[in-house]
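Listed below are the residues making up each chain.
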Amino acid sequence: MTNRIEAAEPDIRPMRQGLMSRISLVWLVPVLALVASLALAWQNYSDRGVLIEIGFKNATGVEVGKTQLRYRDVSVGTVERVTFSEDLSQVIVQVRVEKDIAAFIDADALFWVERPQVSVRGVSGLGTVLSGVYVNGFWDATIGEPEHRFTGLGAAPLVRPGSRGISIVLRARNGNQLSAGAPILYKGIRVGVMEAPSLTASGSDVVSNGFIEAPYDALVTSATRFWDTSGFEVSFGAGGVKLDVESLASLLEGGVTFETLVSGGGPVETGVTFPIYESEAAARKSLFHDENAELLTVATEFGESVGGLVVGSEVRFRGIKVGEVSELTMRVVKSGAKRAVLLRAALQLRPGNLGLGQDATTNEALVLLQDYVVQGLRARLTSANILTGELIVELVELPKAKAAVLDLSAKPYPLVPSVDANLSDLTATAEGVFKRINALKVEELIASAIGVLDSVNGLVASDGVKAVLPELTAPLAEARVILAELRGAGAGARVNATRSAAEGAASGSRQPPQNCRPWQSSLKNLRSGPRPCWQAMVKNHGWSRPVSTPCATLARPPKP
């Protein structure tokens, strides 16, 4: 038996293919497209810019996807979303800003919605009528710490950040001449602008920040004065009526002008405060005292009628103005079961005008007032003008006044004691003057004066006066001729010499000699005789010769 070995059948298996061999090239196309799409999406996401939020009081005209953010009239972003704050007090506008611009938007950036506006200064924002409103932004060219939340402005800022010039503070009694955008003028030229006014902490004054552009800021010194130009001035003179108006804008919205009235003023720093005067005349008067000097504010109370006392009324001490009334308020006080109303007047005093020197402080002035009050200083109302009824506050010294002290504990200002004024006597005097004026028979006096003038005119125009005038002028003409001939012949000197000699002879005897009588008769004939006779007497008495002995010489005829 033969053993055969049979060959085993081969185990044939298909060769395992690699991963790459199983991927078709066709599938690479969508993969590459996906990768490219992701890359583009990432690039778009990374380049889409920075999202910032701006809060406005309202968002009138702002539309998502359409309203642009502009910087110097160039679009740098687009509004993506408009929503409200959590307390609904603001409208939050989300703006996507270009990435290369977002680095410059720091905490000092300003945003406002540009809309068309019409005012006395002109028309602005007309481009928004067709293109729609847009968010306007302003920031500097320095990269700073990035900021993403801002509070928008209600209107365009009057002074852009980075503007060259000087910022000042203007103070006035009231805000009639102060308004946002009101011009600051110099010789009629607009050189600056005022911002919105606001009240001081005490509420007594109104202040407004002003900005004067370069190079006009160099005109402002410590001697500069500002005054109101919001109205117009009418004056009457020989040339007629004069109407003075600075500009239409200042007339409608207020404004101030300034000028350096005296030389020698020094430079001022940013933020210095200047008062606004009512007129140029008031500004010139202020040159006699330092406007930047600290003022001492005290108060006094009156229980009588103060009609005629107003804010700005003078405060005088020994006839000199030392301050003015800054406030007028009422206060109710209890006197047993009754109540009384007192008028409290706040007085702003200048320590330098009280005799302490221009460098005196308010503390020194307060100590001086304390001593004066102990000695009898009191505040009293006085009439400044009987016809207009204007009142002022006078600090008078009454040594016999009831003892009192300066109340330093009174609020808000130390209280100066006061005394009643005799305003009723002044009123009665004024009424008596008016009654006497009214009692005058003015019509009769005028009629009498007119009658006298008519009589004079009739007399001058009468035929008799006209006929006498030629007769009066003829003798005057002859007298002029005679005087001229006497001057030419030297008769004046001879008459003076004769008069001197006659006076000397008269001192020896009161009776003239007999030989002087012919001369006396000649003088009588000289006064009364006609002109030919006078010439004959002059010739006969030898006036052409020197007179040594008047009586003897003039009495006899001249030698041949």
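Residues numbered from 1 in each chain as written. Predicted model: local features only at pLDDT ≥ 70, side-chain atom pairs only at ≥ 80, totals over all residues. Heavy atoms only, no water.

Draft legend 1. Seen up close, the overall build of the protein. Assigned secondary structure in the protein consists of 14 helices and 26 strands. Sorting the 560 residues of the protein into buried and exposed places 29% on the buried side. About 36900 Å² of surface is accessible on the protein, with carbon and sulfur atoms providing 57% of the total. (Helix = DSSP H or I, 4+ residues; strand = E, 2+ residues; numbered from the N terminus. Buried < 20%, exposed > 50% of the residue type's maximum accessible area, 1.4 Å probe, protein only. Areas by Shrake-Rupley, 256 points an atom, 1.4 Å probe, with all protein chains shown as cover.)

Draft legend 2. Inspection of the sheet that holds strand β20 (residues 296-302) at higher detail. Here seven strands make up an open sheet; going across it, the order is β24-β25-β21-β22-β23-β20-β26 and the pairing mixed. The sheet terminates laterally at β24 (377-385) and β26 (415-416), the two strands that pair on one side only. As judged from the seven bridges shared by β20 and strand β23 (residues 338-349), these two strands associate in the antiparallel manner. Following the sheet pairing, T300 is matched in β23 by A345. (Pairing = 2+ DSSP bridges.)

Draft legend 3. Looking closely at the environment of V416. Tracing the backbone shows V416 in strand β26. Note on V416: relative accessible area 5%, which makes it buried. Taking the C-alpha atoms as reference points, V416 and T300, 116 residues apart in sequence, are found 5.0 Å from one another. Among all residues touching V416, those that are not within four sequence positions of it are V298, A299, T300, V373, A379 and L406. (Contact = heavy atoms within 4.5 Å.)

Draft legend 4. Expanded view of the packing of aromatic side chains. All told, the structure shown has seven aromatic pairs when counted by the stated rule. When the centroid spacing of 5.0 Å and the interplanar angle of 55° are considered together, the rings of F111 and F150 count as tilted. Here F111 is found in strand β5 (residues 110-114), whereas its partner F150 is found in strand β9 (residues 149-151), with 39 residues between them in sequence. On the accessibility criterion, F150 (10% relative accessible area) is buried. Their ring planes at 35° and their centres at 5.1 Å tell us that Y186 and F258 sit as a pair that is tilted. (Phe/Tyr/Trp six-rings, centres within 6.5 Å; stacked < 30°, edge-to-face > 60°.)

Draft legend 5. Region of interest: the sheet that holds strand β1 (residues 50-56). One open sheet accounts for seven strands, arranged β5-β8-β2-β3-β4-β1-β9; its pairing is mixed. Edge strands, defined here as strands with exactly one partner in the open sheet, are β5 and β9. The average undirected angle you get between the axes of adjacent strands in this sheet is 30°. Both strand β2 (residues 68-71) and strand β8 (residues 134-138) contribute to a ladder of two bridges, which runs parallel. Bridging across to β8, R70 finds its partner in N136. (Axes fitted to C-alpha atoms, helices over the stretch in contact; angles between N-to-C directions.)

Draft legend 6. Broad picture of the environment of S383. Along the chain, S383 turns up in strand β24. Separated by 10 residues in sequence, S383 and V393 place their C-alpha atoms 8.8 Å apart.

Draft legend 7. Molecular detail of the side chain of Q94. In this structure, Q94 sits in strand β4 (residues 91-97). Among the polar contacts listed, one links the side chain of Q94 to the side chain of E53, at a separation of 3.3 Å. Discounting residues that sit within four places of it in the chain, Q94 has contacts with L51, I52, E53, T78, V79, E80 and R81. (Polar contact = N/O pair within 3.5 Å; in protein donor to acceptor, adjacent residues only side chain to side chain.)

Draft legend 8. Highlighting a nonpolar patch on the surface. Together, M330, V332 and V341 line one region of the surface with nonpolar side chains, adding up to about 310 Å² of accessible area. For M330, the location among the structural elements is in strand β22 (residues 320-335). On the accessibility criterion, M330 (59% relative accessible area) is exposed. (Patch = residues over 30% accessible without salt bridge, like charges linked within 9 Å, V, L, I, M, F, W, Y side chains within 5 Å. Salt bridge = Lys/Arg side-chain N within 4 Å of Asp/Glu carboxyl O.)

Draft legend 9. How the structure looks around the confidence of the model for the protein. Taken as a whole, the protein shows an average pLDDT of 75; of its residues, 68% reach a score of 70 or greater. Throughout residues 519-560 the model reports pLDDT below 50, and contacts reaching past four residues in sequence, or to other chains, amount to 43 contacts. (pLDDT = per-residue confidence, 0-100.)

Draft legend 10. Spotlight on the pairing of strand β10 (residues 165-172). Pairing between β10 and strand β14 (residues 206-213): eight bridges, direction antiparallel. Bridge assignment links G165 to a residue of β14, and that residue is E213. Here β10 runs beside strand β19 (residues 273-277); their pairing, made up of three bridges, is parallel. Within β19, the residue paired with R171 across the bridge is P275.

Draft legend 11. Examining unusual backbone geometry more closely. The omega torsion across A214 and P215 is 5°, close enough to zero to call that bond cis. As for its position among the elements, P215 is in the loop between β14 and β15 (224-228). With omega at 5°, the peptide bond leading from K411 into P412 counts as cis. With a phi angle near 60°, L88 is a residue other than glycine that sits in the positive phi range. Within the secondary structure, L88 sits in the loop between β3 (74-84) and β4. By relative accessible area, which is 63% here, L88 ends up exposed. Phi angles above zero are rare outside glycine, and K187 is one such case at about 55°. Mapped onto the fold, K187 is located in the loop between β11 (183-186) and β12 (189-194). Under the relative-accessibility criterion, K187 is labelled exposed at 59%.

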